[in-house]
Each structure stands twice: as C-alpha cells, then as structure tokens.
Amino acid sequence: MKIRPTIIESVAVAGFFVLGLLLRVWHLDREAVEHFDEGIYSSVLWYDGAFEGSYPARELFAPPLLSTMIEAASLLPGVGDFAPFLPAVLLGSLTTIALWLLARAWFGSAAGIFIAAVVSMSDFHVIYSRMALTDVPCLFWIIGSVYFGTLSIQKQSFRDAAVAGFLCGLAWWTKYTGWLPLAIVFSGVGTWWVWVGRKSITVFRVAQLLGVMLLSALLTFAPWWWQLQDVGGYAAVSKNHANYLQSFSMETFNVWSTNLGSQLACQFWNDGAYGGISLGLGLLAAALFRWKAAGRSTGNADSGESGGVGFSGGFPSIMLLIRFFVAAVALTVLALRIWTPLLLTSLALGGFGGMFLWPVLRRSWSRRAAGDLSPTAEGALSLSPSDLESAATIDPALGLCTTLTWFLGMLVATPLYHPYARLFFPLLASVWLAAAGGISWWLESNVSVARRTAGVPAGTVAATPRSWGQQLVTWMLITAVLTSVLRLDEANELGVASFEEIFHASLFTDRTSIVGSARDLADACVLSATGKWVPRAAAAAEGETIRPSAVLKALEIPAPERPTFTVDEREQQRLVVYAYGEPAMLFHLSNAGLTAAPISHLNLRQPDGSEPVVPTFLIIGPNAKRTPGFWEKWFEQENDFEFVTESVYFPSDATLLDLFTPKWLSQHNEATLQKLELYRVK
C-alpha cells in the first residue's frame, strides 16, 4: 500500500510539477486584482486595517481562509503586489501532486503520470491559478479529501477518515461548496459497496468510517459556522447563493442545457496549445514508464525469440513503444484541432466503458495485493515486481465508482448554477481522473496482450488478422491526424494565430490596465478637490476621456497633459472616493493613496442636502451598471452628482466571461473595453 515511485515516475512527475509552477509564476508582474471577487477577497490587505473590520458582506461571498492566506502572504518579505495571487499559485501548483497521488492510487502509476502532465499544463487551470479567487485553492483541498476518504475505506482506517474530514473542512473554509468531498465520497463508496465492496467490508464498518469523515468535517467548519450567526447564520449565505441557483420548474432543462453550453464554450474559449500538448506529452511519459516497467517480466517461454521477439531482453517489443508514440502524437494533433476539453471528455467516456467491460486495472490491483506474479493466461509471460508496483493501491472499482458518481453529479448540478466559467473545476477534475483511468487502462491492456503473445513460441500460432473494425479505426485516426495537420498549416498561413499568439495570448495576458486607470482617476480626484481640474468643455481639445498609458500607446492617442501625483502627495489631499460595486477598483485606489470605501447607495450629500464638507467622489463601472436596481437609484439622484471624467481599461477574458456569455462576447469586440465614470458630489 505504500507509495514507492520509480526513478522514471519521480522524474516525470517532478518535471511536470516544475513546469506547472513556472507557467503559474511566469510574468506574474502582469497580474492585477481585476475581477469583482478578487477585489472582495483581497480587501483584507487594505479595508480591514483602515476601517477596523471586514469588507461589507465579505462573509456572504466566501469563508475567510483565502483572505487569511492572502494576508499571510503579504507579510513575506519582497512579495509586494504578488500577495493576492500567491495562495492560488501555490495550491494550484500542488494540485498537480495531489491529482497524481489520487489517480495513481485509483488507476496505477501510468494514470498518475498522465494526469500530472494534464493538470500542470492545463490552460484553464493555469489562468485561474494566477488569480486571487477561491476555486483553485478549494479544488486542491477537495482532491486531498477525496483521496484520504477512499483510502480510509481501502485501509479501514479511522485516522485517514478523520484526515479526509479535516481537508473537507479546509475546502469548506475556502468556498461554501467545499462540502463537495462528502457528497463525492459518500456516493462513490455507496455505489462501490453495492457493486463489489460488500464482499470485503460490512455496511456497518463503511457507515462508521464515513461518519468519522462527516464528523471531522463538521468540527473543522464549526468555528466559522458559529461566527456566521452574527450576520444571519448559514441561512443568509444560502439565501445569497440561491440568487444564482436555478430552481426546478418546467424550464429547468432549457436553462440547464443553455448553461452547460455556456460552460463548455468557456472551456473552448480558454483552450490553448499548452493543454493540447499536455495530452500527448502525458501519454508519452506514461507509456514510456509502463513500457520500461513491463520489460522486467520473466516467463516460462524459451529465452530465444518467440513470435519474432523474445522476452529475454526483447519484451516488450519496440513496436509496442512505437504504437504508444504514434498514439501520443495523434492525441496532441487532435487536441490542437478539436479542442482539448472535448478530447479529454472522449477519453473519460472511453475510460468509464473500458474499465467496466474489461477490468484489467482491478486484476493488476488484486495481484499487487496478493504478490501474484503468475502468468495471466496459459503460455503468457509472468509478471515482474515492477508490474505490480505500477498497479493501483486502492481498488480501481472504488475509483471508478467514485469518479463516475462525481462526474454524473457535477454534470447535473453545475449547469443549474449561474454559468461562471470557474465553477467548472469540480466537473473538470472528474473528467481528468476518468481520462487518466482510460489512458492507464489502454496502456495496461496493450501490455497484457503483448505479454500473452510474447510467451508463445515462434511459428506455433499464426498471426491473427486484423478485423475490419480495427482497420477502419486505424484509417479514421490517420485521416483525422492528417487533416488536422493540414488545417493547422492553413490557419497559420491565413494568419489566424501565430505560434507566439497560441502559446502566450491567454496565459500571460497583461491585466494591469485597471491599475493605470485607477491612478488616472486618483489624479483627477486630487485635481478636482484642489480646484485645478480643467472643465469638461475646455478639456475637449486634450481628450475628454482619460486612458491608462498602456491603452494610450495601443490606441496611438496622445496622453492629456495633466499633472500626475505620487502616492504620498495623494495621501496628503483631504478627499474621499466611493465606488459602487467595484471592489477591485477600490483596492487600487487605496494603493494609489486615496481614502476609498465601498457603497451600496447614492445618498452622499449631507443630511440637509448640502454638499459634503470633504470633497467626495463616486465611481461607477460595469459591475454597478449590471446591479439590479442601480439605474432606478441613479435616475432619482443623478442631479446630486457632477461628471468629472471617465477612464477605460481592458479586462482579461476571465473577468469578461463572468460578465458576458462567450457567444455574446465573440460578437461584440467593444466589450473588451470597459468604462469607469468619475463623479463629484455637488
């Protein structure tokens, strides 16, 4: 049951981990707090100290673990502006290791190597690992909880069950859907026990282990649950989340299918070359490992040649390795052509079917448990210790049942929620695991067949002709690969996407335009407060709209010749600026030296209706304009405000996809430029 990775496996996993870490920290200086939720979670860095309390309603968005980690990261020397992103970077990188351990335990070492490659290079996962959001950290704790939950069943260990519950509690402390490991483990274990598990463990013992996991999770989460009583308890959280959840009705299926389509479109939108290459690279690394391990088999056949290839120094055949290599290349080309998420889903569905119909992984697991090296069939080669070490350490049937119920449950539940792209992570993790199981099953099946044929002396059995079905599949695969290569060349010739654009456009997008916009607005506030602001009519010659320097350069518009101020100079000016529904902008305004605060109303005048004593400003942007009821308030009180200026910034795709559907966004390029308006209270 102990994990003893070979040198090849250790090097492969370590290499993928380092590669994944590099992708997550490369050009981290291009990241900035930009997303609405990023502003909420990062408010711990400025709001708590300035106002001696937490950001309004922050507890309704998420529990405090991520914010606490961000605050702790800010205490590290030399971190500076990177603090909001470090928790997700760290736990996102460690997710590679966590899923390697889980896939390895369920489906064997080959599955672990494959999934390590997929996770480390996943464009979607890398993008959100570089943001100050809860989803990637929560996924890490979920994976750990599920691993120890199934391990506790396999070992019948109450200690592992308690660890599983504790990790579930940490997931719950990170995100309010952190209880998912309980649903995943309970449903998977229940299905497994009905299928095969009842032969090895009693239902009473299963109930005890799951009960310990549940109790541990509740005890871990209980302190925060108790603190929520001050804001209405968990009911207040549930009420807030219900606004994004689709209720069951006659229209539920239509909404479900539409939301699922939007979620898949987001997956395709964020699909990039790194993810496509990861499939082939992962398969090649897993295949090389499995081929090398199988080469240590011993047998009862002659030490000479058998069937053209002797197992003594000749098994497995080099042709088997070539087959694996061709499959890896084909997988990469197809992924780059038809989208990596679609190909991963196909591998997952194939894995579900293959592992159920031909349980070769479970047979290897049972042989490992028994130390059985005997041939799998008459005349076949015997297994080697390396074959057994490559097998799963937890019953693959338990892994299959858990992955299947996980996949089906999230497939039903995810589209019932508002189709935010990042909510796809729990479903995506089940796809990754099923695909890894499918790859491991395919590799093990090929090795098993090769072991049987290699043990037959040459000339005793005629070569079995390939069926028409096998030939059809082969030619279909060759045709798909060739057409994919031709289409990629055609796209490159047409200038659809250059090599550099494919590899760098999405992952390392510069998200700092909002920082420049905040500084420009901060300077405008200072000028207006000191009476030096140029009136709008007079400013027309200079350009009425202030734009960050990066945007000005891109649009080739000369920057307005207005003075800029340092942070210290802005801090010395007596003024206050509010923002309606723009926590990310408030984060940067505070860093720019202004006294900034959120607001959910527009009553900014004095109680008697006069102008505030301290110059007071209001910023409204895309989030305010999409807030229900905002425009009604604005039309009632717009005469209380005097327009000062506006500033534009370019949000990243991750932020835009939470504001617009992929279909709408693809049809409206103007949405990539968002406007922030600055008003002064009269």
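Here the structure is a predicted model, which means the values were calculated and not measured.

Criteria and cut-off values
Residues numbered from 1 in each chain as written. Predicted model: local features only at pLDDT ≥ 70, side-chain atom pairs only at ≥ 80, totals over all residues. Heavy atoms only, no water. Helix = DSSP H or I, 4+ residues; strand = E, 2+ residues; numbered from the N terminus. Buried < 20%, exposed > 50% of the residue type's maximum accessible area, 1.4 Å probe, protein only. Areas by Shrake-Rupley, 256 points an atom, 1.4 Å probe, with all protein chains shown as cover. 1 Å grid on protein atoms, 1.4 Å probe; cavity = no way out; pocket = protein on both sides within 12 Å on 5 of 7 lines; lining within 4 Å. Points joined across faces, edges and corners; volume = space filled by probe spheres on them. Nonpolar A, V, L, I, M, F, W, Y, C, P; charged D, E, K, R; others polar. Salt bridge = Lys/Arg side-chain N within 4 Å of Asp/Glu carboxyl O. Axes fitted to C-alpha atoms, helices over the stretch in contact; angles between N-to-C directions. Parallel < 35°, antiparallel > 145°, perpendicular 65-115°, else oblique. Left-handed = near helix turned anticlockwise from the far one by under 90°. Contact = heavy atoms within 4.5 Å. Expected span 1.5 Å × (residues − 1). Pairing = 2+ DSSP bridges. Phe/Tyr/Trp six-rings, centres within 6.5 Å; stacked < 30°, edge-to-face > 60°. Core = buried A, V, L, I, M, F, W, Y, C linked by side-chain atoms within 4.5 Å.

Enquirer: Mind laying out the overall build of the protein chain, listing which residues take part and the relevant values?
Expert: Counting its regular elements, the protein chain contains 31 helices and 6 strands. Relative to its 682 residues, the protein chain shows a buried fraction of 53%. About 30,200 Å² of surface is accessible on the protein chain, with carbon and sulfur atoms providing 62% of the total.

Enquirer: Explain empty space enclosed by the protein to me, and be specific about the residues and the numbers.
Expert: In this structure the tally under the stated criterion is 5 cavities of 30 Å³ or more. Of the volumes computed, that of the largest cavity is approximately 130 Å³. Lining the largest cavity we find 15 residues, and of these Ser122, Asp123, Asp271, Thr340 and Pro341 sit closest to its centre. When contributions to the lining of the largest cavity are tallied by element, the ones reaching two or more residues are α8 (123–129), α15 (273–294), α17 (340–357) and α21 (425–454). No other element matches the 3 residues that α17 contributes to the lining of the largest cavity. Across the lining of the largest cavity, the residue classes tally to 6 nonpolar, 7 polar and 2 charged.

Enquirer: Give a description of the pattern of salt bridges that names residues and reports values.
Expert: For the coordinates displayed, the defined rule picks out 22 salt bridges. Among the ionic pairs, arginine 511 bridges to glutamate 31, the shortest N-O distance being 2.7 Å. Of this pair, arginine 511 sits in the loop between α23 (499–504) and α24 (513–529) while glutamate 31 is found in the loop between α1 (7–25) and α2 (36–42), placing the two residues 480 residues apart along the sequence. Accessibility assignment for this pair places arginine 511 and glutamate 31 in one class, buried. With a shortest N-O distance of 3.3 Å, arginine 422 and aspartate 135 are connected by a salt bridge. With a gap of 287 residues between them, arginine 422 in the loop between α20 (396–413) and α21 and aspartate 135 in helix α9 (residues 135–155) connect regions that are remote in the sequence.

Enquirer: Before we move on, could you go through unusual backbone geometry and cite the residues and values that matter?
Expert: The backbone of glutamate 52 shows a phi angle near 55 degrees, a positive value even though the residue is not glycine. When you line up the elements, glutamate 52 lands in the loop between α3 (47–51) and α4 (58–61).

Enquirer: Talk me through the environment of glycine 371; I want residue IDs and the actual numbers.
Expert: For glycine 371, the position within the fold is in the loop between α18 (360–370) and α19 (385–389). The exposure class assigned to glycine 371 is partly exposed, which follows from its relative accessible area of 45%. Distance in space between the C-alpha atoms of glycine 371 and leucine 388 is 7.4 Å, their sequence separation being 17 residues.

Enquirer: Run through the packing of helix α11 (residues 180–195) against α20, naming residues and quoting values.
Expert: Taken N-terminus to C-terminus, the directions of α11 and α20 make an angle of 130 degrees; their axes are 8 Å apart at the nearest point. By the angle between their axes, α11 is oblique relative to α20. Judged by the twist between their axes, the crossing of α11 over α20 is right-handed. Of α20, the residues touching α11 (which contributes Leu180, Ile184, Ser187, Gly188, Val189, Thr191, Trp192 and Trp195) are Ala397, Leu398, Leu400, Cys401, Thr402, Thr405, Trp406 and Met410. Looking at the contact of α11 with α20 residue by residue, the classes come out as 11 nonpolar, 5 polar and no charged.

Enquirer: Describe α11, listing the residues and the values that go with them.
Expert: Compared with the 22 Å implied by 1.5 Å per residue over 16 residues, the 23 Å span of α11 between its first and last C-alpha is a close match. What α11 keeps buried is the set Leu180, Pro181, Leu182, Ile184, Val185, Gly188, Val189 and Trp192. Those residues of α11 hidden inside the fold are in contact with α9, α10 (158–174), α12 (203–227), α20 and α21.

Enquirer: Describe the pairing of strand β4 (residues 616–620), and please don't skip the residues or the numbers.
Expert: A large share of β4 lies buried, amounting to 5 of its 5 residues. Every second residue of β4 is oriented toward a common face, with Thr616, Leu618 and Ile620 on one face and Phe617 and Ile619 on the other, all of them buried. Looking at chain direction, strand β2 (residues 576–580) and β4 are connected through 5 bridges and run parallel. Across the sheet, residue tyrosine 578 finds its bridge partner in β4, namely leucine 618.

Enquirer: Tell me about the packing of aromatic side chains, and name the residues and values.
Expert: Evaluation of the coordinates by the stated rule reveals 31 aromatic pairs. An angle of 85 degrees between the planes, with centres 6.1 Å apart, marks the rings of phenylalanine 221 and tyrosine 234 as edge-to-face. Taken as a pair, phenylalanine 221 in helix α12 and tyrosine 234 in helix α13 (residues 233–242) lie far apart in primary sequence, 13 residues in all. As far as the burial class goes, phenylalanine 221 and tyrosine 234 line up, both buried. Taken together, a centroid distance of 5.3 Å and an interplanar angle of 20 degrees make the contact between tryptophan 634 and phenylalanine 641 stacked.

Enquirer: Tell me about the packing of α9 against α12, residues and numbers included.
Expert: As a packed pair, α9 and α12 sit with axes 9 Å apart at the nearest point and diverge in direction by 150 degrees. Classified by the angle between their axes, α9 and α12 sit roughly antiparallel to one another. Between α9 and α12 lies a crossing of right-handed hand. Where α9 abuts α12, its residues Ser145, Gly149, Ser152 and Ile153 lie against Leu209, Leu210 and Met213. By residue class, the composition of the contact of α9 with α12 is 4 nonpolar, 3 polar and no charged.

Enquirer: Outline the nonpolar core, supporting the account with residue identities and numerical values.
Expert: Counting 171 residues, the largest nonpolar core has Phe114, Tyr128, Trp192, Trp406, Trp432, Leu589 and Ile619 as its most contacted members. Among the elements that take part in this core, α21 stands out by supplying 16 residues, more than any other. Leu602, Phe630, Trp634 and Val681 belong to the second largest nonpolar core, which has 12 residues in total.

Enquirer: Hey, could you go over the environment of leucine 151 for me, with residue numbers and the actual values?
Expert: The topology assignment puts leucine 151 in helix α9. Leucine 151 gets classed as buried once you look at its relative accessible area, which sits at 9%. Sequence spacing of leucine 151 and alanine 161 is 10 residues, and the spatial spacing of their C-alpha atoms is 8.0 Å.

Enquirer: Tell me about the side chain of threonine 655, residues and numbers included.
Expert: Its place among the elements puts threonine 655 in helix α30 (residues 653–659). Of the residues examined, threonine 655 reaches a relative accessible area of 6% and is grouped as buried. When sequence neighbours within four positions are dropped, the list of residues in contact with threonine 655 reads Glu34, His35 and Arg511.

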